[in-house]
Amino acid sequence: NAGVTQTPKFRVLKTGQSMTLLCAQDMNHEYMYWYRQDPGMGLRLIHYSVGEGTTAKGEVPDGYNVSRLKKQNFLLGLESAAPSQTSVYFCASSRDGQETQYFGPGTRLLVL
Amino acid sequence: DQQVKQNSPSLSVQEGRISILNCDYTNSMFDYFLWYKKYPAEGPTFLISISSIKDKNEDGRFTVFLNKSAKHLSLHIVPSQPGDSAVYFCAASLQTGANNLFFGTGTRLTVIP
């Protein structure tokens, strides 16, 4: 039982490049979330999903897109990376809206 | 606008003593509060939570207190152990929605052996 896993662990991008971050969970959770963490700030919600095929915007959605084609996977896309998107990205999942969120180990992204 | 605030970036405590971490929030609609613990290069892990209908919740060495009128919660760790050294995040949510969490900025706890 791996819980929540994230791929890749670390990535360097040039401004304007695109990439996709993958989050996978094996707990059969309905809800999944993407957060970013920046120095001196708490984790902030980017997008979330309350079930397969659904997505919704969080607190800081601009510059990101997401997809939830399979229940166990939640993808975060950057179409045209900017230095302001340099951050650590965390994925989380929960059984439903009332339950504790479980976090992945994070993806460190550096945009030059 | 930060709805959940942790005003102490760091705290050092001697092993065996009590650690008290504080958290304030501004949104009176929050009805569920959590503490997460984070080690370097790992994701946050759930520690303890409290519903707004309670004022205290205890789990072993960890106790969370909620003061709704003051919009304040605190985490007490007794006795503190060196393995407790980590960054602690306070979070709040509206359980009627998608359970989106609003996080504080974190407090780095160092327990000195």
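Up top is the structure these notes are about.
For the structure given in this document, a descriptive report is provided here. (Residues numbered from 1 in each chain as written. Chains lettered and ligands numbered in written order. Predicted model: local features only at pLDDT ≥ 70, side-chain atom pairs only at ≥ 80, totals over all residues. Heavy atoms only, no water.)

**Focus: a nonpolar patch on the surface**
Residue and element names in this part refer to chain A. Our working definition: A patch consists of residues exposed above 30% relative accessible area that lack any salt bridge, with like charges linked at up to 9 Å and nonpolar side chains (Val, Leu, Ile, Met, Phe, Trp, Tyr) linked at up to 5 Å. Note on areas: these come from Shrake-Rupley sampling with a 1.4 Å probe, and a residue is covered only by the protein chains present in the view. We define a salt bridge as a contact between a side-chain nitrogen of Lys or Arg and a carboxyl oxygen of Asp or Glu at a distance within 4 Å. Here a helix means four or more residues in a row that DSSP labels H or I, a strand means two or more in a row labelled E, and each is numbered from the N terminus. Each residue's exposure class comes from its accessible area (1.4 Å probe, protein chains only) as a fraction of the maximum for that residue type: buried when under 20%, exposed when over 50%, partly exposed otherwise.
Where nonpolar side chains cluster on the molecular surface, the patch consists of Phe 10, Val 12, Leu 110 and Leu 112 and spans about 360 Å² of accessible area. Inspection of the secondary structure puts Phe 10 in strand β2 (residues 10–13). Residue Phe 10 is classed as partly exposed on the basis of its relative accessible area of 48%.

**Digging into the sheet that holds strand β8 (residues 73–78) of chain A**
Residue and element names in this part refer to chain A. Rules: Strands are labelled as partners when DSSP assigns at least two bridges between them. Convention adopted: a line fitted to C-alpha atoms gives each axis, helices being fitted over their contacting stretch, and angles between N-to-C directions are expressed from 0 to 180 degrees.
Read across the sheet, 4 strands follow the order β1-β3-β8-β7 without closing on themselves; strand pairing throughout is antiparallel. Looking at which strands have only one partner, the edges of the open sheet turn out to be β1 (4–7) and β7 (65–67). The mean inter-strand angle of the sheet, taken between neighbouring strand axes irrespective of direction, is 20°.

**What about the packing of aromatic side chains?**
To keep things clear, this is the line we draw: Pairing of aromatic rings covers Phe, Tyr and Trp, the last counted by its six-membered ring, and requires centre-to-centre distances within 6.5 Å; plane angles under 30 degrees mean stacked, over 60 mean edge-to-face, and any other angle means tilted.
Tallying each qualifying case throughout the model produces 14 aromatic pairs over all chains. Judged by centre distance (5.3 Å) and plane angle (85°), the rings of Phe 103 of chain A and Tyr 36 of chain B are edge-to-face. One end of the pair, Phe 103 of chain A, is in strand β10 (residues 102–103); the other, Tyr 36 of chain B, is in strand β4 (residues 32–38), on a second chain. As far as burial versus exposure is concerned, Phe 103 of chain A and Tyr 36 of chain B are alike and both buried. When the centroid spacing of 4.7 Å and the interplanar angle of 40° are considered together, the rings of Tyr 25 of chain B and Phe 33 of chain B count as tilted. Residue Tyr 25 of chain B is classed as buried on the basis of its relative accessible area, which comes to 6%. Residue Phe 33 of chain B is classed as buried on the basis of its relative accessible area of 1%.

**Some thoughts on the state of the cysteines**
Rules: Two cysteine sulfurs form what is called a disulfide whenever their separation falls within 2.5 Å.
Per the stated rule, a full pass over the model turns up 2 disulfides over all chains. Paired by a disulfide, Cys 23 of chain A and Cys 91 of chain A hold their sulfur atoms 1.8 Å apart. One disulfide, between Cys 23 of chain A and Cys 91 of chain A, carries an S-S torsion of -75° and so falls in the left-handed class. Taken together, the residues Cys 23 of chain A in strand β3 (residues 19–25) and Cys 91 of chain A in strand β9 (residues 87–94) connect sequence positions 68 residues apart. Judged by relative accessible area, Cys 23 of chain A falls into the buried class, the value being 0%. The disulfide bridge from Cys 23 of chain B ends at Cys 90 of chain B, spanning 2.0 Å between sulfur atoms. Across the S-S bond linking Cys 23 of chain B and Cys 90 of chain B, the dihedral sits near -70°, which makes this disulfide left-handed. Highlighted residues: Cys 23 of chain B in strand β3 (residues 19–25) and Cys 90 of chain B in strand β9 (residues 86–93), separated in sequence by 67 residues. Classification of Cys 23 of chain B as buried rests on a relative accessible area of 0%.

Keep in mind these values describe shape, not function.
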